[in-house]
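Summary of the model geometry
What follows is each chain in one-letter form.
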Amino acid sequence: MDLTYGDEYEDFRSEVRVFLASNWPPQGDESNAPRTEHEQRFRRLATEAGYLYRNVPRRFGGSEQPPDSLRAAVITEEFARARAPKEASGQGVSMLIPTLLERGEEWQKEQFIAKTVSGEYRWAQGYSEPGSGSDLASLRTRGELVGDEWVVNGQKIWTSDAMSCQYMFTLVRTEPEAGKHAGISYLLIPLDQPGIEIRPLKMITGASHFNEVFLNDARTKADWIVGRRGEGWNVSRTTLKHERKAIGGQSQTLFDTLMRMVRKATIDGRPALEDPTVRERMAALEAWVWAQRYGDYFQATCGLHGGDPGLLPLMNKLLSTEIGHEISKIAFDLIAEASLLEPLGKGGGRRGNERWMNQFMGSLGAAIAGGTSNIQRNIIAERGLGLPRESAADEAAHS
């Protein structure tokens, strides 16, 4: 098995390394500027060089590069090695932009994508509702077309970062007489309006990453709909595909987290690896991390040559969250009584075992985001292995 990238891609790796050495971290007078300014300037330079926002056309603020899975893998590896910023985080960049590129009108792309790339527009995802989590198609938020506006009433929950966002892409029921999946539309809604109230939810970590969003006669323009009326479920599957891809493509991050734990973990002042039980758990976990990395290599090769990676793309998200939780579980066990410490809340200044507490608590939520692990197992079974779907009676009992 040849795990090298070949001369062409190793030359490209050298090119990326030269760029990173010259531009990150910032040098001279630039190093005195706030970190956010560093990152914004670096992202502009990296995009101009063709390393970031590769799938976004230049007219929308991207670098518009031809699809190349191995070049993308090299960039990911080298940016991680240099600890350099990648694309800005957030639901707008990782989920809405690719959805608009696939399903949006041309004017929607022009109006929203460039300002989302630049960070001027931040987006929340309005999917889950009380009572509509895994069974998202049972959502009850309603949208009624009145003149040239949609009037929306309902409630969304677990809405990440809604307090700091200007807009929300959301699913609402616009055809109440249609079937459960057929009556949903995908709307873009401005959050800064009298008809919307956002309430932060305090998490077990002490932070308030999640929010409730209440919509009381909230309004959005009639043409701020992605896809056709009543076809929002199909559009949402495009978004979900990219959400799962973002969550699943974490093998380098998982490897770095595992290595950090291996280096720092101690028991009674001695390296934790000296304990045979801990060593066995870490070795098994490292095998899983490497298996996922090799799976990434295989998928990249398939993408380059037009091959079929089989079940692996369906398994990425599930494996990433399972491995991430297991890393956190070992760390949780190793810090022993320190696990009784309060996790590091928003704005806190502590940087000890509380960070591992945050890692553990966050790993529980990661298994829910983008579809729960049990839902993902169903998808693997039905779409990947061809097993029968649930019977109508079972589906009715779960609805």
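A few points on the structure. This one's a predicted model, so the numbers in the text were calculated from it and none came from an experiment.

So, how was this worked out
Residues numbered from 1 in each chain as written. Predicted model: local features only at pLDDT ≥ 70, side-chain atom pairs only at ≥ 80, totals over all residues. Heavy atoms only, no water. Helix = DSSP H or I, 4+ residues; strand = E, 2+ residues; numbered from the N terminus. Buried < 20%, exposed > 50% of the residue type's maximum accessible area, 1.4 Å probe, protein only. Polar contact = N/O pair within 3.5 Å; in protein donor to acceptor, adjacent residues only side chain to side chain. Phe/Tyr/Trp six-rings, centres within 6.5 Å; stacked < 30°, edge-to-face > 60°. Axes fitted to C-alpha atoms, helices over the stretch in contact; angles between N-to-C directions. Parallel < 35°, antiparallel > 145°, perpendicular 65-115°, else oblique. Left-handed = near helix turned anticlockwise from the far one by under 90°. Contact = heavy atoms within 4.5 Å. Nonpolar A, V, L, I, M, F, W, Y, C, P; charged D, E, K, R; others polar.

**Section: the side chain of Thr116**
In this structure, Thr116 sits in helix 5 (residues 106–117). Judged by its relative accessible area of 4%, Thr116 is buried. Within the local environment of Thr116, its side chain forms a polar contact with the side chain of Trp123, the two groups lying 3.0 Å apart.

**Quick notes on unusual backbone geometry**
Omega for the bond connecting Trp24 with Pro25 falls within 30 degrees of zero, at -5°, which places this linkage in the cis form. Residue position: Pro25 is located in the loop between helix 1 (7–23) and helix 2 (35–48). Even without a glycine there, the phi angle at Arg83 is positive, about 55°. Turning to its location among the elements, Arg83 is positioned in the loop between helix 3 (69–82) and helix 4 (91–103). Judged by its relative accessible area of 70%, Arg83 falls in the exposed class. Positive phi is not limited to glycine here, since Asp217 has a value of about 55°. Tracing the backbone shows Asp217 in strand 7 (residues 210–221). In this structure Asp217 comes out as partly exposed when scored by relative accessible area, which is 44%.

**Examining the packing of aromatic side chains**
Overall, the coordinates contain 21 aromatic pairs when judged by the stated rule. Seen from their ring centres, Phe12 and Tyr51 are 6.0 Å apart, and the 65° between their planes marks the pair as edge-to-face. Of this pair, Phe12 sits in helix 1 while Tyr51 sits in the loop between helix 2 and helix 3; the two residues are 39 residues apart in sequence, bridging distant segments of the chain. Note on Phe19 and Phe42: the rings are 5.8 Å apart at their centroids and 45° apart in plane angle, and the pair reads as tilted. Of this pair, Phe19 sits in helix 1 while Phe42 sits in helix 2, and the two are 23 residues apart along the sequence. Classification of Phe19 as buried rests on a relative accessible area of 12%. Looking at Phe42, the relative accessible area reads 1%, which means it is buried. Every member of this aromatic cluster is reached through a ring pair, and the members are Phe12, Phe19, Trp24, Phe42, Tyr51 and Phe79.

**Examining the packing of helix 9 (residues 312–334) against helix 10 (residues 354–366)**
Closest axis-to-axis distance for the helix 9/helix 10 pair is 9 Å, and the angle between their directions is 150°. Comparing the axis directions of helix 9 and helix 10 gives the class roughly antiparallel. Judged by the sense of rotation from one axis to the other, the crossing of helix 9 with helix 10 is left-handed. Note on element contacts: helix 10 touches helix 9 through Trp356, Met357, Gln359, Phe360, Ser363, Leu364 and Ala366, opposite Lys317, Thr321, Gly324, His325, Ser328, Lys329, Ala331 and Phe332. Residue composition of the contact of helix 9 with helix 10, grouped by class: seven nonpolar, six polar and two charged.

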